[in-house]
Amino acid sequence: MRAVIVATGQAPRLLPLSKDTPACMLEVGGTSILARQVECLRSVGVDDIMIVVGPHHEQVEGFARGQRIEVCYNPFYLYSHVALSLWMIKRDLVEPFLFLYSDILVGQGVIEGLLEQKGEVCLAVKQGSMDEEAEKTVVENGLVRQIGKESVRAHQAYGEFIGVARFGEAGLPVLHEALDWLARENLEARFTHLIRVLIERGTSVSAYEIGDVPWIDIDFPEDVQMARHMFGRIDH
């Protein structure tokens, strides 16, 4: 199975760390976030990895050359978001694949659990309390009915989307149609917007609750230190 990592964000909340370095190349315990993601994926047999890059793309490309990773550059990263990055590689999305944000770390169990899921689309979700900044989900009978930061209030939410998803073969035709539509209508469409469009078009989007498997979204400089405590060092 292929994994797609979208690393086109400018990460303003990570300044000054992200001034000259993309978020995915920031080091956690001496190893970059991206290297940790790649190691996590490959530890469960996901070797086919593609990264869509934007700012400071040369650093990611340099890393990828030594890792047998395919890279696609989004020259419109200043004016677009995740949906357009996926639209740019649409021709490569012809088989089931995993999707990851580039500024997260997850335990191996999250990837293993998603690989076992079936159906059209499955989102990894952490159930429980969250702040209003979270990408919140409303889940009924195991299916995601709504997702968003502003469109879902914290008290309504089942849990938080953690930035990892699985797209199954049955959902790919509608995904392609949705990406084409968003490329015409909204260049700034985020991943959550894409999921809402898929739900509106009848795609079955399920929630995979990750339980106690560790994960962290690295949004602020202090999150880097927290991630080091959670995930430790990788010794090679």
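Fair warning: this is a prediction, and the values are worked out from it, not measured in the lab.

### Observations regarding the packing of helix α5 (residues 172–185) against helix α6 (residues 191–200)
Here is step 1: Running from N to C, α5 and α6 cross one another at 120 degrees; their axes reach a closest spacing of 10 Å. One way to sum up the angle between α5 and α6 is to call them oblique. Judged by the twist between their axes, the crossing of α5 over α6 is right-handed. Two secondary-structure elements touch here, α5 through V174, L175, A178, L179, W181 and L182 and α6 through H193, L194, V197 and L198.
Here is step 2: Considered class by class, the residues forming the contact of α5 with α6 number nine nonpolar, one polar and no charged.

### Focus: the pattern of salt bridges
Between side chains of opposite charge, pairing is possible as soon as their charged atoms come close.
Here is step 1: Under the counting rule described, the total for this entry stands at ten salt bridges.
Here is step 2: Among the ionic pairs, R13 bridges to D219, the shortest N-O distance being 3.2 Å. Here D219 lies in the loop between β13 (215–217) and α7 (221–231) and R13 lies in the loop between β1 (2–7) and β2 (27–28), a separation of 206 residues in the sequence.
Here is step 3: D219 gets classed as buried once you look at its relative accessible area, which sits at 18%.
Here is step 4: Among the ionic contacts, a cluster of salt bridges with common partners joins R2, D48, E70 and D92.

### Points about a nonpolar patch on the surface
Here is step 1: A cluster of nonpolar side chains, F76, L78 and Y79, forms an exposed patch at the surface whose accessible area comes to about 350 Å².
Here is step 2: The topology assignment puts L78 in the loop between β5 (70–73) and α3 (82–88).

Cut-off values and rules
- Residues numbered from 1 in each chain as written.
- Predicted model: local features only at pLDDT ≥ 70, side-chain atom pairs only at ≥ 80, totals over all residues.
- Heavy atoms only, no water.
- Axes fitted to C-alpha atoms, helices over the stretch in contact; angles between N-to-C directions.
- Helix = DSSP H or I, 4+ residues; strand = E, 2+ residues; numbered from the N terminus.
- Parallel < 35°, antiparallel > 145°, perpendicular 65-115°, else oblique.
- Left-handed = near helix turned anticlockwise from the far one by under 90°.
- Contact = heavy atoms within 4.5 Å.
- Nonpolar A, V, L, I, M, F, W, Y, C, P; charged D, E, K, R; others polar.
- Salt bridge = Lys/Arg side-chain N within 4 Å of Asp/Glu carboxyl O.
- Buried < 20%, exposed > 50% of the residue type's maximum accessible area, 1.4 Å probe, protein only.
- Patch = residues over 30% accessible without salt bridge, like charges linked within 9 Å, V, L, I, M, F, W, Y side chains within 5 Å.
- Areas by Shrake-Rupley, 256 points an atom, 1.4 Å probe, with all protein chains shown as cover.

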